[in-house]
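Chain by chain, the residues:
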Protein chains: 2
Amino acid sequence: MELETHLSESQSAVPGTVRPGGRTAKVRAAVLEATEDALAAAGFHTLNMDQVAAAAGVGKTTVYRRWGSPVGLVTDLLRDMADRSLPAADTGTLEGDLRANAALVLKTLTDPRMGAVFRAVIAAAACDEECAAALHGFYRARLTEWAPVVDRAAERGELDPGTDALEVLRAVSAPLYYRFMISREPLTEADARRAVDAALAATRAGAYATGD
Amino acid sequence: MELETHLSESQSAVPGTVRPGGRTAKVRAAVLEATEDALAAAGFHTLNMDQVAAAAGVGKTTVYRRWGSPVGLVTDLLRDMADRSLPAADTGTLEGDLRANAALVLKTLTDPRMGAVFRAVIAAAACDEECAAALHGFYRARLTEWAPVVDRAAERGELDPGTDALEVLRAVSAPLYYRFMISREPLTEADARRAVDAALAATRAGAYATGD
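Just so you know, the residues in each chain are numbered from 1, in the order the chain's sequence is written. Working convention: letters from A go to chains and numbers from 1 go to ligands, in the order in which they are written. Residue-level local features of this predicted model are given only where pLDDT is at least 70; pairs of side-chain atoms are given and counted only at 80 or more, and the full residue set underlies all totals for whole chains, interfaces and linings. With hydrogens and water set aside, each side-chain value is computed from the structure's full complement of heavy atoms.

Undergrad: What am I meant to see in the relation of the copies chain B and chain A here?
TA: The relation between the two chain copies is a rotation about an axis coupled with a shift along that axis. Overlay of chain B on chain A (RMSD 0.0 Å): rotation 180°, translation along the axis 0.0 Å. Such a turn and shift between the copies fits a two-fold axis. The C-alpha atom lying nearest the rotation axis in chain B is that of A123 of chain B; the distance is 2.2 Å. Contacts between residues were defined by any pair of non-hydrogen atoms, one from each residue, lying within 4.5 Å. Both copies share a contact surface, since 100% of the interface residues of chain B are interface residues in chain A too. The copies are overlaid by a least-squares fit using only the C-alpha atoms of residues whose pLDDT is at least 70 in both copies.

Undergrad: How do you make sense of the interface of chain B and chain A when you look at a structure like this?
TA: For an interface, size is often stated in terms of accessible area lost upon the parts coming together. With 38 residues of chain B at the contact, the number on the chain A side is 38 residues. Reported buried area values correspond to the accessible surface (1.4 Å probe) lost by two parts on association, with both partners' losses combined. Carbon and sulfur atoms supply 62% of the area that chain B and chain A bury against each other, a total of about 3400 Å² over both sides. Counted as salt bridges are all cases of a side-chain nitrogen of Lys or Arg within 4 Å of a carboxyl oxygen of Asp or Glu. Connecting chain B to chain A are 10 salt bridges. In this structure, E185 of chain B and R170 of chain A form a salt bridge, with 2.6 Å as the shortest nitrogen-oxygen distance. Pairs of N or O atoms within 3.5 Å make up the polar contacts considered here, provided that, within protein, one atom can donate a hydrogen while the other can accept it, and that residues adjacent in sequence are counted only when both atoms are side-chain atoms. Joining chain B to chain A, the criterion identifies 13 residue pairs in polar contact (both at pLDDT 80 or more). Put simply, DSSP H or I for four residues or longer makes a helix, DSSP E for two residues or longer makes a strand, and each gets a number counted from the N terminus. Of all elements in the fold, only α7 (112-127), α8 (129-155), α9 (165-182) and α10 (189-204) of chain B reach the threshold of two or more residues within the side of chain B that touches chain A.

Undergrad: Any chance you could explain the pattern of salt bridges here in plain terms?
TA: Scanning the entire structure with this criterion turns up 40 salt bridges over all chains. We note a salt bridge from R84 of chain A to D80 of chain A, for which the minimum N-O separation is 3.0 Å. Here the term buried applies to any residue with accessible area under 20% of the maximum for its type, exposed to any over 50%, and partly exposed to those in between, with areas from a 1.4 Å probe on protein chains only. Residue D80 of chain A is classed as buried on the basis of its relative accessible area, which comes to 17%. In this structure, E36 of chain B engages R113 of chain B in a salt bridge whose closest nitrogen and oxygen atoms are separated by 3.1 Å. With a gap of 77 residues between them, E36 of chain B in helix α2 (residues 23-42) and R113 of chain B in helix α7 connect regions that are remote in the sequence. A single salt-bridge network, built from bridges that share partners, covers R140, E167 and R170 of chain A together with R179, E185, D191 and R194 of chain B.

Undergrad: I tried to follow the domain arrangement of chain A on my own but got confused; where do I start?
TA: Residue and element names in this part refer to chain A. What marks off one domain from the next here is an automatic or database domain assignment. Looking at the assigned domains, one finds that chain A contains domain 1 (22-81) and domain 2 (88-204). Between domain 1 and domain 2, the residue contacts involve 14 residues of the former and 15 residues of the latter. In total, domain 1 and domain 2 occlude about 1300 Å² of area from one another, counting both sides; carbon and sulfur atoms represent 76% of this. When the buried area of domain 1 at its contact with domain 2 is split by residue, F44, L78 and M81 rank highest and sum to 42% of it.

Undergrad: I keep staring at helix α9 (residues 165-182) of chain A and nothing clicks. Help me out?
TA: Helical periodicity: at 3.6 residues per turn, an α-helix aligns residues three or four positions apart in one direction. All names here are of chain A. Multiplying 1.5 Å by the helix residue count minus one yields the expected span of that helix. Its 18 residues place the ends of α9 24 Å apart at the C-alpha level, agreeing with the 26 Å of an ideal helix rising 1.5 Å per residue. The largest bend in α9 comes to about 30°, at S173, with the proline P175 one to four residues further on. Of all 18 residues in α9, 17 are buried; the element is thus mostly enclosed. The backbone nitrogen of L166 lies 3.1 Å from a side-chain oxygen of the residue at the head of α9, namely D164. A residue's bend is the angle separating two fitted axes: one through the seven residues that end there, the other through the seven that start there.

Undergrad: It is not clear to me how the packing of helix α6 (residues 94-110) of chain A against helix α8 (residues 129-155) of chain A should be interpreted in this structure. Could you clarify?
TA: Packed helix pairs are specified by the crossing angle of their axes together with the interaxial distance, meaning the distance between the axes. All names here are of chain A. All axes here are fitted lines through C-alpha atoms, helices being fitted over the stretch that makes contact, and every angle between N-to-C directions spans 0 to 180 degrees. One way to put it is that α6 packs onto α8 with a least axis distance of 9 Å and a crossing angle of 160°. With respect to α8, the element α6 is oriented roughly antiparallel. Side by side, α6 and α8 meet where L94, D97, L98, A100, N101, L104 and V105 of the first sit next to R142, W146, V149, V150, R152 and A153 of the second. Residues were grouped as follows: Ala, Val, Leu, Ile, Met, Phe, Trp, Tyr, Cys and Pro as nonpolar; Asp, Glu, Lys and Arg as charged; and all remaining residues, including Gly, as polar. Residue classes in the contact of α6 with α8 are distributed as nine nonpolar, one polar and three charged. Any angle between 65 and 115 degrees counts as roughly perpendicular, while under 35 counts as roughly parallel, over 145 as roughly antiparallel, and the rest as oblique.

Undergrad: Looking at this model, I keep getting lost on the side chain of S173 of chain B. Mind explaining?
TA: As for its position among the elements, S173 of chain B is in helix α9. A relative accessible area of 2% places S173 of chain B in the buried class. If we skip the residues at most four places from it in the chain, S173 of chain B touches Y178 of chain A together with V105 of chain B.

Undergrad: Hey, could you run me through the environment of T188 of chain A in this one?
TA: Positionally, T188 of chain A belongs in the loop between α9 and α10 (189-204). Each C-alpha atom of the pair T188 of chain A and T110 of chain A lies 8.4 Å from the other, and the pair is 78 residues apart in sequence.

Undergrad: Could you clarify how one ought to interpret the environment of D76 of chain B in this entry?
TA: Residues and elements named next belong to chain B. Mapped onto the fold, D76 is located in helix α5 (residues 70-83). You can call D76 buried: its relative accessible area is 9%. Each C-alpha atom of the pair D76 and C131 lies 8.9 Å from the other, and the pair is 55 residues apart in sequence. At a separation of 2.9 Å, a polar atom in the side chain of D76 contacts the side chain of W67.

Undergrad: What am I meant to see in the side chain of T163 of chain B here?
TA: Residues and elements named next belong to chain B. Among the structural elements, T163 can be located in the loop between α8 and α9. Under the relative-accessibility criterion, T163 is labelled buried at 11%. In this structure, T163 is in contact with V150, V168, T203, Y208 and T210, ignoring residues within four places of it in sequence.

Okay, structure coming up:
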């Protein structure tokens with residue numbers, strides 16, 4: 001039985017006025033979860049609208065009308081992932097916060113399900129500009145969410161106030177994503193530790209000063 | 001007219017004895033160039049064996065028999081790219097060599113044709129394990145080719161002899177690939193400069209010491 005049938009009682013009479021958590025939100029959650037399942041299982045190149053609709057228990061017409069294409073599904077999933085981005089750490093030191101950040105990236109990329117989902121959305125973005133914009137939006141949201149860890153360190157006098165917070169955070173993530181997606185090398189805690197050591201050393205040497 | 005017809009005069013009578021530069025090599029070169037053209041124009045997800053055969057002027061049967069699938073084409077292209085990897089710089093200083101390395105990565109990724117080819121092969125590797133192994137082989141060949149720039153710097157006394165050469169080189173590439181493929185941000189000379197500044201600072205601070 002389809003989710004739409006289950007949920008039809010709570011459907012609003014006026015389009016656009018459906019409350020958050022109502023039918024529209026539930027259909028979206030079910031479709032995005034089914035999209036994530038499909039990406040985790042088989043990647044972007046086999047993502048199929050009909051199968052996503054069936055797995056989500058939502059009518060095909062709804063899925064085609066609202067998302068249009070596999071690219072539309074991935075784009076909306078990336079928006080949802082950006083909204084669900086975890087809040088930044090606040091351990092009291094820049095080193096502690098960056099280690100928490102690196103641990104989170106490591107955990108995500110080495111998780112069998114989430115690692116596969118990230119590989120799939122990055123590959124999808126290579127095939128489509130709308131997906132690429134959504135992927136960019138996801139990382140922009142994540143980097144912005146964590147920027148205060150660098151700004152707070154500058155306020156505490158740990159760093160030069162002219163340090164580019166986003167560059168410091170990119171420096172932590174980049175070596176991990178490079179192994180994960182580009183050179184396809186194993187990714188371990190030693191890599192996360194080294195990424196943070198290197199980012200801290202480069203930051204303290206002024207490599208990420210703004211106005212460069 | 002097909003390349004195979006053109007080339008049939010120079011075909012060896014005994015399989016496996018075709019000289020380098022002979023028919024086998026010419027067919028491979030034509031097919032891999034057509035593969036690269038197709039990846040540059042439209043990415044991996046639309047790579048089509050019949051179109052590659054037609055563009056290369058090679059019979060479909062040959063292409064199917066020798067490469068099997070689009071994944072087989074990409075895998076062989078990556079092997080060929082590894083063989084064509086440019087020799088490392090030798091400017092006399094680690095900084096000079098790393099700047100030459102960063103400039104080469106920047107030039108490749110921002111070149112409209114080669115940038116599109118790299119996006120396509122990285123996306124292909126996300127969809128297929130054989131491609132992933134070939135991509136890994138390509139970067140392994142490239143990093144190994146450039147490792148002497150770090151080892152020579154250690155011999156000159158510029159660096160601690162216990163420095164992990166591959167880690168230094170990954171540190172130069174990673175921030176550029178991160179912007180290019182992951183966060184999908186613009187990639188400029190300032191990014192290449194910053195990647196080298198950061199890699200040098202981290203190297204000098206001992207972040208890439210071996211035996212970690």
